[in-house]
Amino acid sequence: QVQLIESGGGLVQAGGSLRLSCAASGRTFSKYVMGWFRQAPGKEREFVGAASWNGGNTYYADSVKGRFAISRDNAKNTVALQMNSLKPEDTAVYYCALSWRYSYIVSKNYEYDYWGQGTQVTVSS
């Protein structure tokens, strides 16, 4: 079993930055793809970005490309999402997720096997 716990959410003004962190336990974290998703009120959960097992490869949704960055520390079993130049439309609950079935980056909800409980990010205009 895997447990993922996010932290770092909060309220920030537009143009500001936040750093989310996700701590994993229960499996050999370093072997798996880690992703970030978000869900705004009334909307479906959407892909934000993901990192390969060693962080060497990353992939982002167009809406966050150039503003968000994922990094991971396999020694500490953590993955982070650095969010810069935040916009009100970035307001959502953010989730980290782990995919153990794929050795390459994937971006669909159903391709991930474990999810954190989510952390709220609110960007005010």
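Residues numbered from 1 in each chain as written. Predicted model: local features only at pLDDT ≥ 70, side-chain atom pairs only at ≥ 80, totals over all residues. Heavy atoms only, no water.

K.L.:
Hey, could you go over the pattern of salt bridges for me, with residue numbers and the actual values?
P.N.:
Two side chains with opposite charge may pair up if their charged atoms get near one another. Tallying each qualifying case throughout the model produces 5 salt bridges. A salt bridge links Arg-38 to Glu-46, with the nearest nitrogen and oxygen atoms 2.6 Å apart. As a salt-bridge pair, Asp-90 and Arg-38 come within 2.9 Å of each other at their nearest N and O atoms. Of this pair, Asp-90 sits in the loop between β8 (78–83) and β9 (92–99) while Arg-38 sits in strand β4 (residues 33–39); the two residues are 52 residues apart in sequence, bridging distant segments of the chain. Just as Asp-90 is buried, Arg-38 falls in that class too. Counted as one network, the salt bridges with shared partners bring together Arg-38, Glu-46, Arg-67 and Asp-90. (Salt bridge = Lys/Arg side-chain N within 4 Å of Asp/Glu carboxyl O. Helix = DSSP H or I, 4+ residues; strand = E, 2+ residues; numbered from the N terminus. Buried < 20%, exposed > 50% of the residue type's maximum accessible area, 1.4 Å probe, protein only.)

K.L.:
Please give an account of the nonpolar core that cites residues and values.
P.N.:
One finds Leu-4, Trp-36, Phe-68, Leu-81, Met-83, Tyr-94 and Tyr-112 to be the most contacted residues of the largest nonpolar core, which totals 37 residues. Residue assignment for this core shows that the elements contributing at least two residues are β3 (18–25), β4, β5 (46–51), β7 (68–73), β8, β9 and β11 (119–124). Considering every element that reaches this core, the biggest residue donor is β9, with 5 residues. (Core = buried A, V, L, I, M, F, W, Y, C linked by side-chain atoms within 4.5 Å.)

K.L.:
Please set out the sheet that holds β8 residue by residue, giving values where relevant.
P.N.:
Across a sheet, paired strands are connected by hydrogen bonds in the backbone, their directions being either parallel or antiparallel. With antiparallel pairing, the 4 strands of this open sheet are ordered in space as β1-β3-β8-β7. Of all strands in the sheet, those bounded by a partner on one side alone are β1 (3–7) and β7. On average, each strand axis in the sheet is tilted by 15 degrees relative to the strand beside it, whichever way the strands run. In terms of strand pairing, β3 meets β8 through 6 bridges, oriented antiparallel. In the sheet register, Ala-23 faces β8, and the bridge partner there is Thr-78. (Pairing = 2+ DSSP bridges. Axes fitted to C-alpha atoms, helices over the stretch in contact; angles between N-to-C directions.)

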